[in-house]
Amino acid sequence: MVTFKKFLDKEVVRLFLIVRPPCGEEKMTDIDISVGLVLLDDTDSLQVISTNKADKWTPCTFTDNIPSETFSWGDYPSRMKKWMKHDEDEEYDHELYEITAVPEFSHIVGQSIQDVEILHIDEQSPFGVKLMFEKDYIVSSPIPAGNTIETKQFNQGNKIHHFAKVWKARFASLKYKLENGYIE
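Now for a description of the structure that goes with this document. Keep in mind that this is a model prediction, so the values were computed, not measured. (Residues numbered from 1 in each chain as written. Predicted model: local features only at pLDDT ≥ 70, side-chain atom pairs only at ≥ 80, totals over all residues. Heavy atoms only, no water.)

## Focus on the packing of aromatic side chains
Line of reasoning, step 1. Evaluation of the coordinates by the stated rule reveals nine aromatic pairs.
Line of reasoning, step 2. Where phenylalanine 4 meets phenylalanine 7, the ring centres are 6.1 Å apart and the plane angle is 35 degrees; that geometry is what we call tilted. For the pair shown, phenylalanine 4 and phenylalanine 7 are each scored as buried.
Line of reasoning, step 3. Both rings, one in tryptophan 73 and one in phenylalanine 105, keep their centres 5.7 Å apart while their planes meet at 85 degrees; by these two values the pair is edge-to-face. Note that tryptophan 73 is positioned in the loop between strand S4 (59-64) and helix H1 (76-84) and phenylalanine 105 in the loop between strand S5 (95-98) and strand S6 (115-120), a separation of 32 residues in sequence.
Line of reasoning, step 4. For phenylalanine 105, a relative accessible area of 1% translates into the label buried.
Line of reasoning, step 5. Residue placement shows lysine 130 over the ring face of tyrosine 137; its charged tip is 5.0 Å from the ring centre. (Phe/Tyr/Trp six-rings, centres within 6.5 Å; stacked < 30°, edge-to-face > 60°. Buried < 20%, exposed > 50% of the residue type's maximum accessible area, 1.4 Å probe, protein only. Helix = DSSP H or I, 4+ residues; strand = E, 2+ residues; numbered from the N terminus. Lys NZ or Arg CZ within 6 Å of the ring centre and 35° of its normal.)

## Some details on the side chain of threonine 148
Line of reasoning, step 1. For threonine 148, the location among the structural elements is in strand S9 (residues 146-150).
Line of reasoning, step 2. Of the polar contacts made by the side chain of threonine 148, one reaches the side chain of asparagine 155; its length is 2.8 Å. (Polar contact = N/O pair within 3.5 Å; in protein donor to acceptor, adjacent residues only side chain to side chain.)

## Describing unusual backbone geometry
Line of reasoning, step 1. Backbone geometry at aspartate 9 places phi at a positive 65 degrees, although glycine is not the residue there.
Line of reasoning, step 2. Although it is not a glycine, lysine 56 sits at a positive phi angle of roughly 55 degrees.
Line of reasoning, step 3. Looking at where lysine 56 falls in the secondary structure, it is placed in the loop between strand S3 (42-51) and S4.
Line of reasoning, step 4. Assessed through its relative accessible area of 54%, lysine 56 is described here as exposed.

## Some thoughts on the sheet that holds strand S1 (residues 12-19)
Line of reasoning, step 1. In space, the five strands of this open sheet follow the order S4-S3-S2-S1-S5, with antiparallel pairing throughout. Single-partner strands in this sheet number two, and they are S4 and S5. Direction aside, neighbouring strands of the sheet carry axes that sit 25 degrees apart on average.
Line of reasoning, step 2. As paired elements, strand S2 (residues 33-39) and S3 share four bridges and run antiparallel to each other. Counterpart to leucine 39 in the pairing with S3 is aspartate 42.
Line of reasoning, step 3. Running over the sheet, H1 touches S1, S2 and S5 and is turned about 160 degrees from S5. (Pairing = 2+ DSSP bridges. Axes fitted to C-alpha atoms, helices over the stretch in contact; angles between N-to-C directions. Contact = heavy atoms within 4.5 Å.)

Purely geometric numbers; function is a separate question.
Okay, here's the thing in structure tokens:
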């Protein structure tokens with residue numbers, strides 16, 4: 001996953017949740033959530049980490065515009081519960097929540113990404129990605145609805161640990177591989 005090496009040693013200055021309205025979902029941990037990072041060396045772009053929508057399995061990253069309008073973090077729980085009651089057949093776009101100043105994410109914002117770990121089911125199948133910070137992490141992995149993220153204090157569904165047990169999956173450090181010449 002060479003595309004994720006661009007995150008190594010980069011400082012996160014702003015943080016966003018990108019949420020697809022969870023129509024018909026039963027649990028908060030089943031909501032399709034991606035993460036958007038604004039990095040210190042490129043404050044004009046939003047770096048999105050998600051799951052490839054075409055294969056619904058592989059982690060991906062892409063650049064997007066920084067949103068000019070976002071929802072308040074205080075509105076997140078009530079908006080999600082409201083969306084969960086909507087009919088699944090209804091078509092909705094995504095919502096963005098800026099979480100830069102939210103205490104649950106304080107060990108991410110203003111911190112540098114110390115390592116990127118790729119979750120593999122086997123050597124050829126990347127399944128998820130984990131950004132490592134000094135005191136926290138962001139895990140992005142697929143779920144039936146799309147993607148989910150979790151940190152030490154947010155969305156603790158432990159889906160990655162479940163997959164690791166079922167398929168004997170493992171994390172591989174991208175930083176270690178780069179430092180030891182395993183990949184370019």
